[in-house]
Amino acid sequence: MTSSREDDAVVSASAEPGAEPVRGPGTWVPPEVGDEKPRAVRPEGGLRMGALLWRLALGVGIGAVSLGIAVRRMMADAGEAAGEAGTLSLLWDAVRQVSAVDLVVYVLLFSLMHVIRLYRWAVQLAAVGEPRVGLVMRAGAVGFAAIIVLPLRLGEFVRPWLVAQEGRASYGSAMGTAVVERVVDGLLVSVFLALGILLSPVEPSVVVQRSALAVLVLFVTASGVLVAAVQRPDWVDRVVVGTVERVSRRVAGRVRRFLVGFTAGARSLASGGVLWRYVGLTLLFWFVNALSLWWWVRAFDYGLSLWGAFVVLSVLVIGLTIPSGPGFFGTFQLFLGEGLRLASPGRVPGVTGLALALGLNVVQLAVQVAMGAPLWLRYVRPRRRRPPQAE
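Given the structure is predicted, the values throughout are model-derived calculations rather than measurements.

Things to note about the packing of aromatic side chains
Tallied over the entire structure, the rule returns 9 aromatic pairs. Three or more aromatic residues link up through ring pairs in this structure, and these residues are Phe192, Phe285, Trp286, Trp307 and Phe310. Against the face of Trp121 rests Arg159, its NZ or CZ located 4.7 Å from the ring centre. The ring of Tyr302 has Arg347 sitting right over it, with the charged end atom 4.3 Å from the ring centre.

Examining a nonpolar patch on the surface
Together, Val191, Leu195, Leu198, Leu199 and Trp307 make up an exposed nonpolar region whose accessible area comes to about 520 Å². Ranked by residues supplied to the nonpolar patch, first place goes to helix α6 (residues 171-199) with 4 residues. With respect to the element layout, Leu198 can be found in helix α6. In this structure Leu198 comes out as exposed when scored by relative accessible area, which is 70%.

Considerations on the packing of helix α5 (residues 158-166) against α6
Interaxial distance between α5 and α6 falls to 8 Å at its minimum, and their mutual angle equals 145 degrees. Helix-helix and strand crossings are classified by hand; for α5 and α6 the assignment is right-handed. Listed contacts from α6 to Arg159, Pro160, Trp161, Val163 and Ala164 of α5 are Tyr171, Ala174, Met175, Ala178, Glu181 and Arg182.

The rules behind each value
Residues numbered from 1 in each chain as written. Predicted model: local features only at pLDDT ≥ 70, side-chain atom pairs only at ≥ 80, totals over all residues. Heavy atoms only, no water. Phe/Tyr/Trp six-rings, centres within 6.5 Å; stacked < 30°, edge-to-face > 60°. Lys NZ or Arg CZ within 6 Å of the ring centre and 35° of its normal. Patch = residues over 30% accessible without salt bridge, like charges linked within 9 Å, V, L, I, M, F, W, Y side chains within 5 Å. Areas by Shrake-Rupley, 256 points an atom, 1.4 Å probe, with all protein chains shown as cover. Salt bridge = Lys/Arg side-chain N within 4 Å of Asp/Glu carboxyl O. Helix = DSSP H or I, 4+ residues; strand = E, 2+ residues; numbered from the N terminus. Buried < 20%, exposed > 50% of the residue type's maximum accessible area, 1.4 Å probe, protein only. Axes fitted to C-alpha atoms, helices over the stretch in contact; angles between N-to-C directions. Left-handed = near helix turned anticlockwise from the far one by under 90°. Contact = heavy atoms within 4.5 Å.

Okay, structure coming up:
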């Protein structure tokens, strides 16, 4: 990734040097000023400090409760009390099993997975009028770092907003591609989990069963909305906006403008060439993701197959859809432990499971923040205006 917008690589062959900016299909153009680029909407309309603190407290509370449940279950697996003085010593002994080579290989695999995910989003955005790979990958790296740092998944709004600030795609279309990405991954994860439950002799916990059912309903519903947005955008506009308009015409107008861009984002995979590239990158993304998890668990001598890594990932991803505190601490450990319990019958996570879950959470947090934080300086650093050139 480069810091110069002019040096960014180009995904779309339709963007030629010297050509006028291409608007994505469905980019909203204000009726008063037809040639202006639509302004990006600030995520959440800008969060006040009180609202942010309230969300932070709620997220930390959810994470603390989840972490408490995870620690109790894993310590119970080991036949030890959660508050025993030797617990930290046992955790440290488990973590010390990881060699420097194991850590470096995992960081490389996880970083590769992250780059594939960012490039996959660039392929989507090229279809809605933003061909610059570097710009999209910078915004994506900052956005994913924000997702893991901000509470209650508020960072989901950051990457579409950053793309709309500097790029050619509208906020609605960029957000639409992000939603499509989440729905595709969610449906694939649901398939992994369903196969894992069917093939495992271990009955999943009540937490996993209810969370999986809720997430499945959510993603199936979202898939239906996306299909309707592509096939019958007029119908979606009438139903959604007609409902909101009864409450506020002003809000209904904003929803209508957002739906125009959102429909463009939903259509991002309509082209056969884009669709197959996206499918290939998605399969590669999840394979490298599972491979990296398998490598990490192997470093703790836990014993997990590559297919088991897919099952653990599916349970973990479903758990991380639950809004929680910064870093996903708590929900990460709880659902990773439940995934290990489901994917490795005959073995319980115990102290080793808790150690690898805590270590994995910290390493993933460090890698994503390290990749996103330096790029954030590009957006917060004041830029100097270039003096006008003499003719």
